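# Remarks on the overall topology
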Amino acid sequence: QVQLVESGGGLVQAGGSLRLSCAASGIIFSINTMGWYRQAPGKQRELVAAITSGGTPTYTDSVKGRFTISRDNAKNTVYLQMNSLKPEDTAVYYCNVNVSPLIYWGRGTQVTVSS
């Protein structure tokens, strides 16, 4: 059974940092893209960052220069280093793993940035 276990969320002051981790287990096929999405109250879920199996990252414009996505293929784990956090980064952050044609989601981890 596939499981995605997220960790690293929490409460931080504006300007602070957090590091999210998402470990995938039970996956027997190669993982393609891994990524992080977020959903703030009253808003749609949006892509924050993604990284291909080869290590090529993409970021939504609002986090460029502040967030860094990385992955450890041996551990089936994806990370999101979040620096210079802003109150508008407050959301539930979800891990996403693409094992084509299937896509798996984590349960989400809350990130709250106070002003």
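Notes on the structure follow. Note that this is a predicted model, so its numbers are computed, not measured.

## Structural notes on the overall build of the protein chain
- Counting its secondary structure elements, the protein chain contains zero helices and eleven strands.
- Put simply, the protein chain runs from its N terminus to its C terminus through helices and strands in the order β-β-β-β-β-β-β-β-β-β-β.
- Seen through its C-alpha atoms, the protein chain measures out along the principal axes to roughly 45 × 25 × 25 Å.
- When burial is assessed residue by residue, the protein chain has 37% of its 115 residues classed as buried.
- Looking at the protein chain alone, contacts between residues at least 24 apart form 52% of all its contacts between residues at least 6 apart.
- Computing the positive centroid from 10 side-chain charges and the negative centroid from 6, the protein chain places the two 3 Å apart.

## Focus: the sheet that holds strand E8 (residues 77-82)
- Here we have four strands laid out as an open sheet, ordered E1-E3-E8-E7, and antiparallel in their pairing. Single-partner strands in this sheet number two, and they are strand E1 (3-7) and strand E7 (67-72). Pairs of neighbouring strands in the sheet enclose a mean axial angle of 15°, with direction left out of account.
- Relative to E8, E7 is paired through six bridges, and the arrangement is antiparallel. The residue bridging Arg71 from the neighbouring strand is Val78, located in E8.

## Some thoughts on the packing of aromatic side chains
- For the structure shown, the criterion picks out one aromatic pair.
- Relative to Trp105, the ring of Tyr37 has its centre 4.9 Å away and its plane inclined at 65°; by these criteria the two rings are edge-to-face. Placement of the pair is Tyr37 in strand E4 (residues 34-39) and Trp105 in strand E10 (residues 102-105), with a sequence separation of 68 residues.
- The partly exposed category is assigned to Trp105, whose relative accessible area is 38%.

## Some details on the pairing of strand E5 (residues 46-51)
- Two strands pair when backbone bridges link them, and E4 and E5 are joined in this way by five bridges, in the antiparallel orientation. Bridging from a neighbouring strand, Met34 pairs with Ile51 of E5.
- The hairpin formed by E4 and E5 contains six residues between the paired strands, and Gly42 there has a positive phi angle of roughly 80°.
- Inspection of the sheet shows E5 paired to strand E6 (residues 57-59) by three bridges, in the antiparallel sense. For Ile51, the partnering residue across the bridge sits in E6 and is Pro57.
- Linking E5 to E6, which pair antiparallel, is a turn of five residues; within it Gly55 sits at a positive phi near 95°.

## Describing the pattern of salt bridges
- Taken as a whole and assessed by the stated rule, the structure comprises four salt bridges.
- Across the pair Asp61 and Lys64 runs a salt bridge whose closest N-O atoms are separated by 3.0 Å.
- A salt bridge links Arg66 to Asp89; the nearest nitrogen and oxygen atoms lie 2.8 Å apart. With a gap of 23 residues between them, Arg66 in the loop between E6 and E7 and Asp89 in the loop between E8 and strand E9 (91-99) connect regions that are remote in the sequence. For the residue pair Arg66 and Asp89, the accessibility class agrees, reading buried in each case.
- Connected via shared salt-bridge partners are Arg38, Glu46, Arg66 and Asp89.

Parameters and conventions
Residues numbered from 1 in each chain as written. Predicted model: local features only at pLDDT ≥ 70, side-chain atom pairs only at ≥ 80, totals over all residues. Heavy atoms only, no water. Helix = DSSP H or I, 4+ residues; strand = E, 2+ residues; numbered from the N terminus. Buried < 20%, exposed > 50% of the residue type's maximum accessible area, 1.4 Å probe, protein only. Contact = heavy atoms within 4.5 Å. Lys, Arg positive; Asp, Glu negative; His and termini not counted. Charge placed at Lys NZ, Arg CZ, Asp CG, Glu CD. Pairing = 2+ DSSP bridges. Axes fitted to C-alpha atoms, helices over the stretch in contact; angles between N-to-C directions. Phe/Tyr/Trp six-rings, centres within 6.5 Å; stacked < 30°, edge-to-face > 60°. Salt bridge = Lys/Arg side-chain N within 4 Å of Asp/Glu carboxyl O.

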